[in-house]
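One-letter residues, chain by chain:
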Amino acid sequence: PSVPAWPLPLRAAPGGSGRSDASHLTPRGGAGVGAMSRRERGPEPRPGGAEAAVEDAEPESPDQCLSLLPWDRFSAWLHCVCVVGFDLELGQAVEVIYPPHSKLTDKEKTNICYLSFPDSNSGCLGDTQFCFRFRRSPGRKVSLCCFLDQLDKDLPVYLKKDSAYYYGYVYFRQVRDKSLKRGYFQKSLVLISKLPYVHLFRTMLKQIAPEYFEKSEAFLEAVCSDIDHWPPPVPGKVLQLPIMGLIMKLRIPTYRDKPGTTPIVQNMHQADSQISMALPTVHEVDLFRCFCPVFFHIQMLWELVLLGEPLVVMAPSPAESSETVLALVSCISPLKYCSDFRPYFTIHDSEFKEYTTRTQAPPSVILGVTNPFFAKTLQHWPHIIRIGDIKLPGEVPKQVKVKKLKNLKTLDSKPGVYTSYKPYLNKDEEIVKQLQKGVQQKRPTEAQSVILRRYFLELTESFIIPLERYVASLMPLQKCISPWKSPPQLRQFSQDDFMKTLEKAGPQLTSGLKGDWIGLYRHFLKSPNFDGWFRSRQKEMTQKLEALHLEALCNENLVFWSQKHTEVETVDLVLKLKNKLLQADREHLPVKTDTLKKLQTHINDIILALPDDLQDILLKSGT
């Protein structure tokens, strides 16, 4: 049966409403301090502040500068900063939310409370860093300026914001303190953000959290003030982000970057006393370190993630569970993992019942858990990864067989992969040998991660290129685009037609791996990852057709056409052309600026050829 080509209504990209009013900049109500405008509460912009911190950045337009109120720069990076402590009567509680006007619903606060502390069985003494992900409560307007949301379109698909979720980046400290009733000091500093920049926020917390635990509130205000002077998170630019005397230098990837390459950010010598730190990545985790416990099954895990299969990672601590889940999600890059994933999941999570019910099949989701209770609750899940403490092997790891699910009784079971899944592809022994050789030669873990990342990238690209090639063939020919007709539709995706292309133009052209590629594709076409990927490609191609249609209109002599038609038809044409221009701006269509200027000139020329009364009406009307 053919896979349906889902109807995709063209809609505005986030924040691209084209409004000229400032209604989207209304101050947010205070959290426990009464409603207060952001102008009153925010720090005054410093002259020559963070605007100068973007190297080679294009100057901000006047409109953009007008949109930047205090806390808008902060909001481009973080939603808020929370401090979660332990209260003897209440248990975990949010002690501080900064800035104070930041809004969190009660449900969101509850999730943050429970997800910011390790489970009691984890025994995390000292300092621990990890991250979690949770659902945003629906129905709230995003307060970011329009132009900041537009930055999203330049990101690779796997780094685009998901407006339905927040990330929480945690620095948890638990140390003995005899002066406290419980005998322990327990507190978490948590950054809440929509951005999946794991490495950036981890590095940042490492710098600020220890000092915060010593200095408290005033220090937190100073940190937030620094962040509110950062440049916007522009992809492709080298950004300098000052934070409490340190300057972090980094570059956010763009969709134009060649997959698998990371442009080096040079650590420049600072003229003043500030220390500079160059971050090699904003989002990547240490892939080799994460996959070490399941070394021999990386290819099977790649298949499970690609197919959106339900996966549980059972780990001894939130640090290990969150890093492993993030590593799994990233292993199919540059494909976006389109299902839900929770780097750290607890029994108190608001989706606990939904994800652990036995009344229906387990959902397409990857969960990272540490509570032994899950060994029993998730026994019915088809694929379980059990990892011990993540340590880099000092010697070559021994071959570990895939274990049967019935052997998994408790969280104390031996590390390994528990599943009855039979991989579609034959095992690639070469990558295992290469990594084993690296262990023998004491190759640095960074180098091992680069090898592993390249292996996953080549595997994913070999798989996706035949699909890209087939979907590109669904695009109508340029000669079918007429300026006087609506843009042509894409042809429907046919599973049978696609399968026929694999014989001559399948993955065998780029990969030496043998196996049941056809079976893997059939399974993939039913998965959420295919659904998400195809919708994205369909939207891109539909927008390309709209852009080509605009260009075709520009190349016509529209004034000559209007002279041969009635006034009613000419006015109708003008209104349609104006709407085309609005659509191009609203949906960020891939159209050259010259084309839009040319179309505007055509509109003006047609209007000027009309009677004066009609000219007045058409020149005043926005649409």
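Since we're looking at a predicted model, the values are computed, not measured.

## Remarks on the overall build of the protein chain
Point 1. Within the protein chain, the secondary structure is distributed over 21 helices and 13 strands.
Point 2. Per-residue burial for the protein chain yields a buried fraction of 52% across its 623 residues.
Point 3. Summed over its atoms, the accessible surface of the protein chain is roughly 30,000 Å², and 53% of this surface lies on carbon and sulfur atoms.

## A few points about the confidence of the model for the protein chain
Low pLDDT means the predicted coordinates in that region are not meant to be read closely.
Point 1. In the predicted model, the protein chain carries a mean pLDDT of 81, and 80% of its residues have values of at least 70.
Point 2. Counted against residues more than four places away or in other chains, residues 1–66, with its pLDDT under 50, gives 115 contacts.

## Focus: helix α16 (residues 517–524)
Point 1. Listed as buried for α16 are W517, G519, L520, Y521 and F524.
Point 2. Buried positions along α16 lie against α9 (298–306), α14 (445–472), α15 (495–505) and α17 (528–554).

## Quick look at the packing of aromatic side chains
Point 1. Tallied over the entire structure, the rule returns 36 aromatic pairs.
Point 2. Ring geometry for W302 against F463: centres 6.2 Å apart, planes inclined by 85°, an arrangement best described as edge-to-face. Of this pair, W302 sits in helix α9 while F463 sits in helix α14, placing them 161 residues apart in sequence. Residue W302 shares its accessibility class with F463, and that shared class is buried.
Point 3. Measuring from ring centre to ring centre gives 5.7 Å for F530 and F534, while their planes differ by 15°; the resulting arrangement is stacked. Here F534 and F530 lie together in helix α17, a separation of four residues that amounts to about one turn. Neither residue differs from the other here; F530 and F534 are each classed as buried.
Point 4. Across from the ring centre of Y165, 3.9 Å away, lies the NZ or CZ of R133, which sits over that ring.
Point 5. Seen from the ring of F341, R133 lies directly overhead, with NZ or CZ sitting 4.0 Å from the centre.

## Structural notes on unusual backbone geometry
Point 1. With an omega of -5°, the peptide bond running from Y98 to P99 counts as cis.
Point 2. A cis amide bond links S333 with the next residue in sequence, P334, at an omega value of 10°.
Point 3. Position of P334 among the secondary structure elements: in the loop between α10 (318–330) and β10 (340–342).
Point 4. Positioned with a positive phi, K442 is a non-glycine residue whose angle comes to about 55°.
Point 5. Within the secondary structure layout, K442 lies in the loop between α13 (429–440) and α14.

## Details of the pairing of strand β5 (residues 184–193)
Point 1. Burial analysis of β5 places eight of its ten residues in the buried class, which makes it a mostly covered element.
Point 2. Two elements, strand β1 (residues 80–87) and β5, share six bridges in a ladder whose sense is antiparallel. The residue of β5 that forms the bridge with V83 is L189.
Point 3. Across ten bridges, strand β4 (residues 165–176) lies against β5 in antiparallel orientation. Paired with Y169 across the bridge in β5 is L191.

## Quick word on the nonpolar core
Point 1. Counting 113 residues, the largest nonpolar core has W77, F291 and L467 as the members making the most contacts within it.
Point 2. If you tally residues by element for this core, the top one is α14, at ten residues.
Point 3. If we ignore the near neighbours within four places in the chain, the residues touching F291 are I298, L301, A327, L328, C331, L452 and F456.
Point 4. Of all hydrophobic cores here, the second largest spans 21 residues; its members include A547, L581, A584 and L614.

## Comments concerning the sheet that holds strand β9 (residues 311–314)
Point 1. Read from one edge to the other, the open sheet built from five strands follows the order β10-β11-β9-β12-β13, with strand pairing classed as mixed. Looking at the sheet topology across the chains shown, the edges are occupied by β10 and β13 (416–419). The average undirected angle you get between the axes of adjacent strands in this sheet is 15°.
Point 2. In the sheet, β10 pairs with strand β11 (residues 365–369) via three bridges, with the strands oriented parallel. From the neighbouring strand, R342 faces β11, where its bridge partner is L367.
Point 3. Seen against the sheet, α9 touches β9, β11, β12 (383–386) and β13 and runs at an angle of roughly 50° to β13.
Point 4. Strands in contact with α10 are β9, β10, β11 and β12; relative to β11, the strand with the most contacts, it is inclined by about 160°.

## Structural notes on the sheet that holds β4
Backbone-to-backbone hydrogen bonds join strands into a sheet, with any given pair of strands oriented parallel or antiparallel.
Point 1. The antiparallel open sheet is built from five strands, whose spatial order is β2-β1-β5-β4-β3. Strands with a single pairing partner mark the edges of an open sheet, and in this sheet they are β2 (91–98) and β3 (126–135). Taken pair by pair, the neighbouring strands of this sheet meet at an average axis angle of 25°, ignoring direction.

## Here's the deal with the pattern of salt bridges
Point 1. Applying the stated criterion across every chain yields a total of 23 salt bridges.
Point 2. In this structure, D162 engages R133 in a salt bridge whose closest nitrogen and oxygen atoms are separated by 3.6 Å. Of this pair, D162 sits in the loop between α5 (146–150) and β4 while R133 sits in strand β3, and the two are 29 residues apart along the sequence.
Point 3. A relative accessible area of 4% places R133 in the buried class.

## Digging into the packing of α17 against helix α20 (residues 593–608)
Point 1. Running from amino to carboxyl end, α17 crosses α20 at an angle of 45°, the nearest separation of the two axes being 9 Å. Between α17 and α20, the angle falls in the class oblique. Here α17 runs over α20; the crossing is left-handed. Across the interface between the two elements, L550, E551, L553 and C554 from α17 touch T595, L596, K598, L599 and H602 from α20.
Point 2. Residue composition of the contact of α17 with α20, by class: five nonpolar, two polar and two charged.

## Structural notes on the environment of H565
Point 1. With respect to the helices and strands, H565 occurs in the loop between α18 (558–563) and α19 (567–586).
Point 2. Residue H565 is classed as partly exposed on the basis of its relative accessible area of 30%.
Point 3. Engagement of the side chain of H565 in a polar contact is seen with the backbone oxygen of W561, the distance being 2.7 Å.

## Points about a negative patch on the surface
Point 1. Judged by side-chain charge, E567, D612, D613 and D616 come together as a negatively charged surface patch.
Point 2. At three residues, the largest contribution of residues to the negative patch is made by helix α21 (residues 612–620).
Point 3. Topologically, D612 is positioned in helix α21.
Point 4. Using a relative accessible area of 58% as the deciding quantity, one classes D612 as exposed.

Each value, and the rule that gives it
Residues numbered from 1 in each chain as written. Predicted model: local features only at pLDDT ≥ 70, side-chain atom pairs only at ≥ 80, totals over all residues. Heavy atoms only, no water. Helix = DSSP H or I, 4+ residues; strand = E, 2+ residues; numbered from the N terminus. Buried < 20%, exposed > 50% of the residue type's maximum accessible area, 1.4 Å probe, protein only. Areas by Shrake-Rupley, 256 points an atom, 1.4 Å probe, with all protein chains shown as cover. pLDDT = per-residue confidence, 0-100. Contact = heavy atoms within 4.5 Å. Phe/Tyr/Trp six-rings, centres within 6.5 Å; stacked < 30°, edge-to-face > 60°. Lys NZ or Arg CZ within 6 Å of the ring centre and 35° of its normal. Pairing = 2+ DSSP bridges. Core = buried A, V, L, I, M, F, W, Y, C linked by side-chain atoms within 4.5 Å. Axes fitted to C-alpha atoms, helices over the stretch in contact; angles between N-to-C directions. Salt bridge = Lys/Arg side-chain N within 4 Å of Asp/Glu carboxyl O. Parallel < 35°, antiparallel > 145°, perpendicular 65-115°, else oblique. Left-handed = near helix turned anticlockwise from the far one by under 90°. Nonpolar A, V, L, I, M, F, W, Y, C, P; charged D, E, K, R; others polar. Polar contact = N/O pair within 3.5 Å; in protein donor to acceptor, adjacent residues only side chain to side chain. Patch = residues over 30% accessible without salt bridge, like charges linked within 9 Å, V, L, I, M, F, W, Y side chains within 5 Å. Lys, Arg positive; Asp, Glu negative; His and termini not counted. Charge placed at Lys NZ, Arg CZ, Asp CG, Glu CD.

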